[in-house]
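Results of the structural survey
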Amino acid sequence: MRLFHVLLFFISISISANEWKFLQTYEGVDLYELQNSSEYATPFKAIGTIPVDISSVIKSLLDIDKKHEWAPKLKSVELHKDLGKNTFIFSEYYRTPWPYYDRQFLLMGELKKEGRTVTFKAKNYKDEKLIHDDHVLASVEILDFVLEEVSGGTKITFTFNGDMGGWIPSFVSNIIRKKWPLRFIQALERLSKSGKIRTTDYYINYMKSIEN
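Being a predicted model, the structure only gives us computed values, none of them experimental.

Another point: the overall build of the protein. For the protein, the count of helices and strands is 4 helices and 10 strands. Counting from the amino terminus, helix and strand elements in the protein follow one another as α-β-β-β-α-β-β-β-β-β-β-β-α-α. Burial statistics for the protein: of 212 residues in total, 41% are counted as buried. Contacts in the protein between residues at least 24 apart in sequence constitute 55% of all its contacts with a sequence separation of at least 6. Accessible surface, the protein: about 12,600 Å² in total, of which carbon and sulfur atoms supply 53%.

We now examine the confidence of the model for the protein. Summary statistics for the protein give a mean pLDDT of 86 and a share of 84% for residues scoring 70 or more. Across residues 1-17, confidence stays below pLDDT 50; counting only partners more than four residues off in sequence or on other chains, it has 5 contacts.

We now examine the nonpolar core. Ranked by size, the top nonpolar core spans 44 residues in total, and within it Ile58, Leu61, Phe120, Phe145, Leu147 and Phe184 carry the most contacts. It is helix H3 (residues 170-194) that contributes the most residues to this core, 8 residues altogether. Once you skip the residues sitting within four places of it in the chain, Phe120 turns out to touch Ile58, Leu61, Leu62, Glu110, Leu111, Leu143, Asp144, Phe145 and Leu147.

When strand S7 (residues 117-124) meets strand S9 (residues 139-150), the two strands line up antiparallel, connected through 6 bridges. Its bridge partner being in S9, Thr117 is matched across the sheet by Glu148. Of the strand pairs in this sheet, S9 and strand S10 (residues 153-163) are connected by 11 bridges, and their pairing is antiparallel. Across the sheet, residue Leu147 finds its bridge partner in S10, namely Ile156. Hairpin connection of S9 to S10: 2 residues between the antiparallel strands, including Gly152 at a positive phi of 85°.

Along the chain, the position of Phe44 falls in strand S3 (residues 44-50). Each C-alpha atom, one on Phe44 and one on Leu143, is 9.9 Å from the other, the two residues being 99 residues apart in sequence.

Positive phi outside glycine occurs at Lys73, with the angle close to 70°. Not every positive phi belongs to a glycine, and Asn86 is a case in point at roughly 60°. Tracing the backbone through its elements, the reader meets Asn86 in the loop between strand S4 (74-84) and strand S5 (87-94). A relative accessible area of 12% means that Asn86 is categorised as buried.

Below, the discussion takes up the packing of helix H2 (residues 54-62) against helix H4 (residues 201-211). It is at 8 Å that the axes of H2 and H4 come closest, and there the two elements cross at 130°. Taken as axis vectors, H2 and H4 run oblique relative to one another. In terms of crossing hand, the pair formed by H2 and H4 is right-handed. Listed contacts from H4 to Ser55, Ile58, Lys59 and Leu62 of H2 are Tyr202, Tyr203 and Tyr206. Broken down by class, the residue content of the contact of H2 with H4 amounts to 5 nonpolar, 1 polar and 1 charged.

So, on to H2. Judged by how many residues are buried, H2 sits mostly within the fold: 7 of 9 residues are covered. By the burial criterion, the buried members of H2 are Ile54, Ser56, Val57, Ile58, Ser60, Leu61 and Leu62.

Bridge analysis of S5 against strand S6 (residues 103-114) gives 8 bridges, and the strand direction is antiparallel. Note that in S6 the partner of Tyr93 across the bridge is Gln104. Relative to strand S8 (residues 136-137), S6 runs parallel, the two sharing 2 bridges. In the sheet register, Gln104 faces S8, and the bridge partner there is Leu137. Where S6 and S7 come together, 8 bridges link them in antiparallel fashion. Paired with Gly109 across the strands is Ala122, a residue of S7. Turn length for the S6-S7 hairpin, with the two strands adjacent in sequence and antiparallel, is 2 residues, and the turn residue Gly115 shows positive phi of about 65°.

The rules behind these values
Residues numbered from 1 in each chain as written. Predicted model: local features only at pLDDT ≥ 70, side-chain atom pairs only at ≥ 80, totals over all residues. Heavy atoms only, no water. Helix = DSSP H or I, 4+ residues; strand = E, 2+ residues; numbered from the N terminus. Buried < 20%, exposed > 50% of the residue type's maximum accessible area, 1.4 Å probe, protein only. Contact = heavy atoms within 4.5 Å. Areas by Shrake-Rupley, 256 points an atom, 1.4 Å probe, with all protein chains shown as cover. pLDDT = per-residue confidence, 0-100. Core = buried A, V, L, I, M, F, W, Y, C linked by side-chain atoms within 4.5 Å. Pairing = 2+ DSSP bridges. Axes fitted to C-alpha atoms, helices over the stretch in contact; angles between N-to-C directions. Parallel < 35°, antiparallel > 145°, perpendicular 65-115°, else oblique. Left-handed = near helix turned anticlockwise from the far one by under 90°. Nonpolar A, V, L, I, M, F, W, Y, C, P; charged D, E, K, R; others polar.

What follows is the structure, encoded as structure tokens:
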């Protein structure tokens, strides 16, 4: 019985240590912070609703050749391998302020649809041959981008927790936590309203997969 209580104690600590606490609503987007996160981690969670249909948002996210034109700080996206069933191995390369090295995210990502919800999930992928020497490799524990079809638009829940790699000053970490997810959601809305959305082969394949 004592062992049982000890296990419950550690489980309760684990749950509370990973709770997201509401921070503020900023420019219409709810921002959250992760309680008791590692000093090396840069976690954030942002929830907002944009007046854009969900299919337009998905098309924008799947247009990887054009993503760098609107996503904040993104230099480029490189697709390494298409594993089928909406699963990919890819890298995203981000600018960081001088004199810090730019960052590479090397990830395995997948796209899933359940009812009125579509989820982009990604996690670390290990392959030394795919790492660029002129970038610092970031480590991703959680990267979830959840789209929910709602009345009048699309609800977006953007969650990230990871180590950006190397030392990053606190002011840069604060920008990543608070401003980056907000600007990403706002940029998606502007793009989706701009009339520049393209229907790529990735989107066509996604639609075929959910129809089968």
